[in-house]
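Examining the three-dimensional arrangement
Each chain, written out:
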Amino acid sequence: MLFHKIEYSIKCNTGRLMPEGKNGFAIECKDLVRKFGTFTAVDSLTLQVKTGELFGFLGPNGAGKTTTINMLTTLLSPSSGIARVAGFDLATQAALVRSRIGVVPQQFALFEDLTPVENLWYIGELYEMGRGILKMRADELLKIVTLYDKKDIKAGTFSGGMKQRLSVAASLIHSPQILFMDEPTTGLDPQSRLALRELTQKLNQNGITIIYTTHDMEEADKLCQRIGIMDKGKLVAVGTSEQLKSLQGHSHSIQLQISRHDGKLVDELKQLVGAVSASYSGGTLELRVKSLKHGTVHTLTSFLHRKGVDVGDFCILEPTLEEVFISLTKKDLRE
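First, a word on what this report is: a plain description of the structure on this page. This structure is a prediction, so every number in the text was calculated from the model and none was measured. (Residues numbered from 1 in each chain as written. Predicted model: local features only at pLDDT ≥ 70, side-chain atom pairs only at ≥ 80, totals over all residues. Heavy atoms only, no water.)

This part takes up the packing of helix α4 (residues 116–126) against helix α6 (residues 160–172). Close contact between α4 and α6 brings their axes to 9 Å; oriented N to C, the two are set at 30°. Regarding the angle of α4 to α6, the classification is roughly parallel. Between α4 and α6 the crossing geometry is right-handed. Along its contact with α4, which presents P116, N119, L120 and I123, the element α6 presents L166, A169 and A170. (Axes fitted to C-alpha atoms, helices over the stretch in contact; angles between N-to-C directions. Helix = DSSP H or I, 4+ residues; strand = E, 2+ residues; numbered from the N terminus. Parallel < 35°, antiparallel > 145°, perpendicular 65-115°, else oblique. Left-handed = near helix turned anticlockwise from the far one by under 90°. Contact = heavy atoms within 4.5 Å.)

Structure below.
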């Protein structure tokens, strides 16, 4: 019920909000560049994020994720290139962009000496919200982030998870169309991480476009509808988790315990299923296939049975997002 209210206020917040990009994109970037002296932090970024999408940014330290977010939220001006956020030009309509976005920073940026209600009222007044709407909105959001019973307690006494939930409430006070979340679960305990992920999903399901940066591969895999991987200022890959995992060089691993083998058998099995590689070690045969076709395991076990080879346990391991990430960004440590 509460999320129905949030959806209504996003659409009808005093008639102030306009539709996002008419072509269905919440964010559009073309050849976006940001330089710091001779150093290029973001290099010719071209990207489209669909309205209503939960889009994730992955990348090692120094990849350009935060610089990109800072440009899209108007904290930094691009050195060159063009971008539209919520249908407005980043360079000429920055104030309109700011009125349509919310930001949840990695570090708590609200006032610890103020209560949740006082923090939300302060933020709301910056957006020139009317007192009646602001009171209703603050109460509504504190219930959504499960902090209503703590509304009169100073935020400085809160745990990390509670502070992040308050940050989410503050970012939503003016009913933004797009929410930027910069590594919001960093440093949180498992229960708080789960609660914040579930809240993020519910907000997205109710129509808010979300840009989500994280170092957590599992989090990105489960949460984000599409993922962009950045490295050294460039967007090196973008797609759904499944699309990224199916990139050339990444494959499913089929592992079977077999009673015996010979060199010819391994080659035959590799050819049988079109595996990119095949190996045998310690009683386990491993075949790597680019895509797992229906009936592949049955084909293998039937063939081995005809050869008189007993098959014990078998398992299928999917390629992981972490494998793709390491492959694309290499293994060297970043500062």
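Taken together, 6 strands build an open sheet; the order of strands is β6-β7-β8-β3-β9-β10 and the sheet is mixed. Every interior strand has two partners, whereas the edge strands, β6 (101–104) and β10 (234–239), have only one. Shown here is a sheet whose adjacent strand axes are inclined to one another by a mean of 20°, direction ignored. Two strands pair when backbone bridges link them, and strand β9 (residues 226–231) and β10 are joined in this way by 5 bridges, in the antiparallel orientation. Within the sheet, the bridge partner assigned to I227 lies in β10 and is G239. Docked against the sheet, α6 engages β6 and β7 (178–182), running at close to 165° with respect to β6. (Pairing = 2+ DSSP bridges.)

The next thing to look at is the packing of aromatic side chains. The geometry of two aromatic rings is summed up by the distance between their centres and the angle between their planes. Enumeration according to the criterion identifies 2 aromatic pairs in this entry. Consider the rings of F55 and F57, whose centres lie 5.4 Å apart with planes at 80°: the pair is edge-to-face. With respect to class, F55 is no different from F57; both count as buried. Just above the ring of F36 sits the side chain of R34; from NZ or CZ to the centre is 4.6 Å. The cationic tip of K151 hangs over the ring face of Y148; the distance from NZ or CZ to the ring centre is 5.4 Å. (Phe/Tyr/Trp six-rings, centres within 6.5 Å; stacked < 30°, edge-to-face > 60°. Buried < 20%, exposed > 50% of the residue type's maximum accessible area, 1.4 Å probe, protein only. Lys NZ or Arg CZ within 6 Å of the ring centre and 35° of its normal.)

Quick look at the nonpolar core now. Counting 45 residues, the largest nonpolar core has L166 and V168 as its most contacted members. The element best represented in this core is α6, accounting for 6 residues. Beyond its immediate sequence surroundings of up to four residues, V168 is in contact with V104, V145, M181, L196, L199 and L203. By size, the runner-up hydrophobic cluster in this structure holds 25 residues, among which are M71, A83, L90 and F180. (Core = buried A, V, L, I, M, F, W, Y, C linked by side-chain atoms within 4.5 Å.)

The pairing of strand β1 (residues 25–36) with strand β4 (residues 80–85) spans 5 bridges and is classified as antiparallel. Considered in β4, the bridge of E28 is made with R84. With 2 bridges connecting them, β4 and strand β5 (residues 88–89) associate as antiparallel partners. By the bridge assignment for β5, V85 is matched with F88. Joining the antiparallel neighbours β4 and β5 is a turn of 2 residues, in which A86 adopts a positive phi near 55°.

Bringing helix α7 (residues 190–205) into the picture now. For α7, with 16 residues, the first-to-last C-alpha span of 23 Å sits near the 22 Å given by 1.5 Å per residue. All buried positions along α7 are accounted for by S192, L196, R197, L199, T200, L203 and N204. Buried positions in α7, seen along its axis, are confined to an arc of 160° and lie on one side of it. Along α7, the residues that are exposed and aim more than 90 degrees away from the buried face are P190, Q191 and Q205. Where α7 begins, the side chain of D189 points an oxygen toward the backbone nitrogen of Q191, at a separation of 3.1 Å. (Expected span 1.5 Å × (residues − 1). Arc of directions from axis to C-beta. Polar contact = N/O pair within 3.5 Å; in protein donor to acceptor, adjacent residues only side chain to side chain.)

A word on a nonpolar patch on the surface. A grouping of F111, Y122, L126 and Y127 is seen on the molecular surface, where their side chains present a nonpolar patch of about 400 Å² in accessible area. Position of L126 among the secondary structure elements: in helix α4. (Patch = residues over 30% accessible without salt bridge, like charges linked within 9 Å, V, L, I, M, F, W, Y side chains within 5 Å. Areas by Shrake-Rupley, 256 points an atom, 1.4 Å probe, with all protein chains shown as cover. Salt bridge = Lys/Arg side-chain N within 4 Å of Asp/Glu carboxyl O.)

The next subject is the pattern of salt bridges. Scanning all chains against the criterion turns up 15 salt bridges. A salt bridge links E140 to R137, with the nearest nitrogen and oxygen atoms 2.5 Å apart. Placement of both E140 and R137 in helix α5 (residues 131–144) is noted, with a separation of 3 residues, approximately one turn of the helix. When sorted by exposure, E140 lands in the same class as R137, which is buried. Put simply, K150 and D149 hold a salt bridge, and the shortest N to O gap is 3.2 Å. D149 gets classed as exposed once you look at its relative accessible area, which sits at 59%.

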